[in-house]
Amino acid sequence: MRKNLLLQSKIFISVFLLSTALSGVVLATPAEEAELEQLDRIEQELELQREWAKYRWGKASSECYQNYWVNSCLKDARALYRKEIDPIRQQEVALHEVQRKLRESLKNQEDIKRAAERASPEKAAERAANQAEFEQKQKDAAARAADLEQRRKDAPKRAQENKAGTQLD
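So, a few notes on the structure that sits alongside this text. (Residues numbered from 1 in each chain as written. Predicted model: local features only at pLDDT ≥ 70, side-chain atom pairs only at ≥ 80, totals over all residues. Heavy atoms only, no water.)

This brings us to helix 3 (residues 70–119). Taking 1.5 Å per residue as the helical rise, helix 3 with its 50 residues ought to reach 74 Å, and the 69 Å between its terminal C-alpha atoms agrees with that figure. Helix geometry: helix 3 is bent most strongly at Ile85, by close to 30°, with proline Pro87 lying one to four residues after it. (Helix = DSSP H or I, 4+ residues; strand = E, 2+ residues; numbered from the N terminus. Expected span 1.5 Å × (residues − 1). Bend = angle between axes of the 7 residues up to and from the residue.)

Encoded structure:
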């Protein structure tokens, strides 16, 4: 049962990866995102298979220490583990290659979209308005700083005037 399921998943993954690799057509972003989600699910399944293989290897290797011929038993357990893990690794490598290509395609599409937005006249007008607003704020801040500096310079004089004008007899 387990071997049949493993064989079915290998066939499904192989067909899926082959069809994805052979399609040179640029897919729409939602389709690519859905495909990427599907690949992520496949990756989780492969990770689960890897964890189970590692569990079986750990169990077999710990049982080897109960035997007299420990090294031979460990060698056999390791060989069985490699026999299980190598196909999983090959599938993961192919899967990661397809995922990388999809992510790169999505990123390129997003970059093209951002570049088009930056080039639009509305964005150019908005950037010009933002620049003008920034420069006005800089001028206002400089004027406030100059006014404050002038008040500080005039402070002793005003204090003297206030002192002279408020004397009570």
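Judged by nonpolar contacts, Leu36, Leu39, Ile42, Leu46, Ala53, Tyr81, Ile85, Ile88, Leu95, Val98, Leu102 and Leu106 together constitute the single largest core of twelve residues. At the level of secondary structure, the elements contributing two or more residues to this core comprise helix 2 (29–64) and helix 3. When residues in this core are grouped by element, the largest group, seven residues, is from helix 3. (Core = buried A, V, L, I, M, F, W, Y, C linked by side-chain atoms within 4.5 Å. Buried < 20%, exposed > 50% of the residue type's maximum accessible area, 1.4 Å probe, protein only.)

All told, the structure shown has eleven salt bridges when counted by the stated rule. Here Arg114 makes a salt bridge to Asp111, at a shortest N to O gap of 3.3 Å. One end of the pair is Arg114 and the other is Asp111, both in helix 3 and three residues apart, which spans about a single turn. Arg114 sits in the partly exposed class, given a relative accessible area of 41%. Since its relative accessible area comes to 29%, Asp111 is described here as partly exposed. One connected set of salt bridges, linked through shared partners, spans Glu97, Arg100, Lys101 and Glu104. (Salt bridge = Lys/Arg side-chain N within 4 Å of Asp/Glu carboxyl O.)

Side chains of Leu48, Trp52 and Tyr55 sit close together on the surface and give an oily, nonpolar patch of about 350 Å² of accessible area. Residue placement: Trp52 occurs in helix 2. The exposure class of Trp52 is partly exposed, given its relative accessible area of 47%. (Patch = residues over 30% accessible without salt bridge, like charges linked within 9 Å, V, L, I, M, F, W, Y side chains within 5 Å. Areas by Shrake-Rupley, 256 points an atom, 1.4 Å probe, with all protein chains shown as cover.)

As a further point, take the packing of helix 2 against helix 3. Where helix 2 contacts helix 3, the two axes come as close as 9 Å, and the packing angle between them is 165°. Between helix 2 and helix 3, the crossing angle belongs to the class labelled roughly antiparallel. Here the hand of the crossing between helix 2 and helix 3 comes out left-handed. (Axes fitted to C-alpha atoms, helices over the stretch in contact; angles between N-to-C directions. Parallel < 35°, antiparallel > 145°, perpendicular 65-115°, else oblique. Left-handed = near helix turned anticlockwise from the far one by under 90°.)

This part covers a negative patch on the surface. Together, Glu33, Glu37, Glu110 and Glu117 make up a negatively charged patch on the protein surface. Of all elements in the fold, only helix 2 and helix 3 reach the threshold of two or more residues within the negative patch. With respect to the helices and strands, Glu37 occurs in helix 2. (Lys, Arg positive; Asp, Glu negative; His and termini not counted. Charge placed at Lys NZ, Arg CZ, Asp CG, Glu CD.)

Keep in mind these numbers describe shape, not what the thing actually does.
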